[in-house]
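# What the coordinates show
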Amino acid sequence: SQQGEEDPQALSIQEGENATMNCSYKTSINNLQWYRQNSGRGLVHLILIRSNEREKHSGRLRVTLDTSKKSSSLLITASRAADTASYFCATEGRGGSNYKLTFGKGTLLTVNP
Amino acid sequence: GAVVSQHPSRVICKSGTSVKIECRSLDFQATTMFWYRQFPKQSLMLMATSNEGSKATYEQGVEKDKFLINHASLTLSTLTVTSAHPEDSSFYICSAGIVRNTEAFFGQGTRLTVV
């Protein structure tokens, strides 16, 4: 079942601005991952943050995780038109099958040149 | 990084026919693979967990007789959509992982259109 909820569902910004997307989940997790999907294409892994981590950076990406609130945020700084895509959070739950991910509903990011 | 290859990328079939989609891990062995379905502008819905050498585990509401999964080797899982109907038209994506608590690797997806 889908447990992740992203907000906003859609976000439109100008090139150079920062974009922040949020994700909430419901159960205990091993990790939370963010993926990007261009229209009609497969998923590209962006960043993984483990349950014992609070913040992680990768290039222009910054991810935070608050396990007490069961929420995460993805910040893309200095956005580019090429960042236009759908962004999904996914959680790997504790126990159960390895690598089984539960995806959120996604945020459609549009970066206008 | 690890590569998961999915084939075909697009397929059009007639109602009532069956379609097979392949998912291969090219440079690692995957005892477990996952099949997802994605409707336009929506999220990925897990359909089933494919287990090498044993039966697949289907999510609630997914018809196992309609979506046949075979995981005959450590590098190949197949999803067969049987007796396809227009409502089966969708984007199907597979994934596999190497080590728990690390990223999953996704195939490129298959766009199925049933006419």
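About the cut-offs
Residues numbered from 1 in each chain as written. Chains lettered and ligands numbered in written order. Predicted model: local features only at pLDDT ≥ 70, side-chain atom pairs only at ≥ 80, totals over all residues. Heavy atoms only, no water. Disulfide = S-S within 2.5 Å. Helix = DSSP H or I, 4+ residues; strand = E, 2+ residues; numbered from the N terminus. Buried < 20%, exposed > 50% of the residue type's maximum accessible area, 1.4 Å probe, protein only. Contact = heavy atoms within 4.5 Å. Buried area = accessible area lost by both parts, 1.4 Å probe. Salt bridge = Lys/Arg side-chain N within 4 Å of Asp/Glu carboxyl O. Core = buried A, V, L, I, M, F, W, Y, C linked by side-chain atoms within 4.5 Å. Pairing = 2+ DSSP bridges. Axes fitted to C-alpha atoms, helices over the stretch in contact; angles between N-to-C directions. pLDDT = per-residue confidence, 0-100.

As a further point, take the state of the cysteines. Residues and elements named next belong to chain A. Within this structure, the stated rule accounts for 2 disulfides over all chains. Here Cys23 engages in a disulfide with Cys89; their sulfurs sit 2.0 Å apart. One quick way to see it: the torsion about the S-S bond of Cys23 and Cys89 is about 65 degrees, and its sign makes the bridge right-handed. In this pair, Cys23 is assigned in strand E3 (residues 19-24) and Cys89 in strand E9 (residues 85-93), connecting sequence segments 66 residues apart. This pair shows no difference in class: Cys23 is buried, exactly as Cys89 is.

All right, on to the interface of chain B and chain A then. Quoted interface sizes are often the accessible area lost when the parts come together. If you look at the interface, chain B gives 24 residues, while chain A gives 28 residues. Across the interface of chain B and chain A, roughly 2,000 Å² is buried in total on both sides, 50% from carbon and sulfur atoms. The tally of links from chain B across to chain A stands at 0 salt bridges. Those elements giving two or more residues to the side of chain B that touches chain A turn out to be strand E4 (32-38), strand E5 (44-51), strand E9 (90-97) and strand E10 (104-106) of chain B.

Residue and element names in this part refer to chain A. Summed over the entire model, instances satisfying the criterion amount to 5 salt bridges over all chains. Arg60 is the partner of Asp83 in a salt bridge, and the nearest nitrogen-oxygen pair spans 2.9 Å. Of this pair, Asp83 sits in the loop between strand E8 (71-76) and E9 while Arg60 sits in the loop between strand E6 (55-58) and strand E7 (61-66); the two residues are 23 residues apart in sequence, bridging distant segments of the chain.

This next bit is on the nonpolar core. By size, the foremost hydrophobic cluster in this structure holds 26 residues, and its most contacted members are B:Val4, B:Trp35, B:Phe67, B:Leu79, B:Tyr92 and B:Leu112. Going through the elements one at a time, strand E2 (10-13), strand E3 (19-25), E4, E5, strand E7 (67-73), strand E8 (76-81), E9 and strand E11 (110-114) of chain B are the ones with two or more residues in this core. Among all residues touching B:Leu112, those that are not within four sequence positions of it are B:Val11, B:Cys13, B:Val19, B:Val81, B:Asp88, B:Ser89, B:Ser90 and B:Tyr92. Counting residues in each nonpolar core, the second largest holds 20 residues, with A:Ala19, A:Leu32, A:Ile47 and A:Leu61 among its members.

With that out of the way, let us pick up the sheet that holds E3(A). Residues and elements named next belong to chain A. If you walk across this open sheet you meet the 5 strands as E1-E3-E8-E7-E6, and the pairing is antiparallel. Only two strands of the sheet have a single partner each, and these edge strands are strand E1 (5-7) and E6. Averaged over all adjacent pairs, the angle separating strand axes in this sheet is 15 degrees, with direction ignored. Of the pairings in the sheet, the one linking E7 to E8 comprises 6 bridges and is antiparallel in character. Paired with Arg62 across the two strands is Leu75, which belongs to E8.

Right, let's talk about the environment of A:Thr27 for a bit. All names here are of chain A. For Thr27, the position within the fold is in the loop between E3 and strand E4 (29-37). Residue Thr27 is classed as partly exposed on the basis of its relative accessible area of 41%. C-alpha of Thr27 to C-alpha of Thr107: the two residues are 80 residues apart in sequence and 21 Å apart in space.

Okay, the confidence of the model for chain A next. Mean pLDDT for chain A: 90, with 92% of residues reaching 70 or above. The weakest mean pLDDT in chain A belongs to E1(A) at 77; the strongest belongs to E7(A) at 98.

Bringing the pairing of E9(A) into the picture now. Residue and element names in this part refer to chain A. Burial runs high along E9: 8 of the 9 residues are buried. The pairing of E4 with E9 spans 8 bridges and is classified as antiparallel. By the bridge assignment, Arg36 is partnered in E9 with Tyr87. Where E9 meets strand E11 (residues 107-112), 3 bridges bridge the pair, whose relative direction is antiparallel. Among the inter-strand pairings, Tyr87 is bridged to a residue of E11, identified as Thr107.

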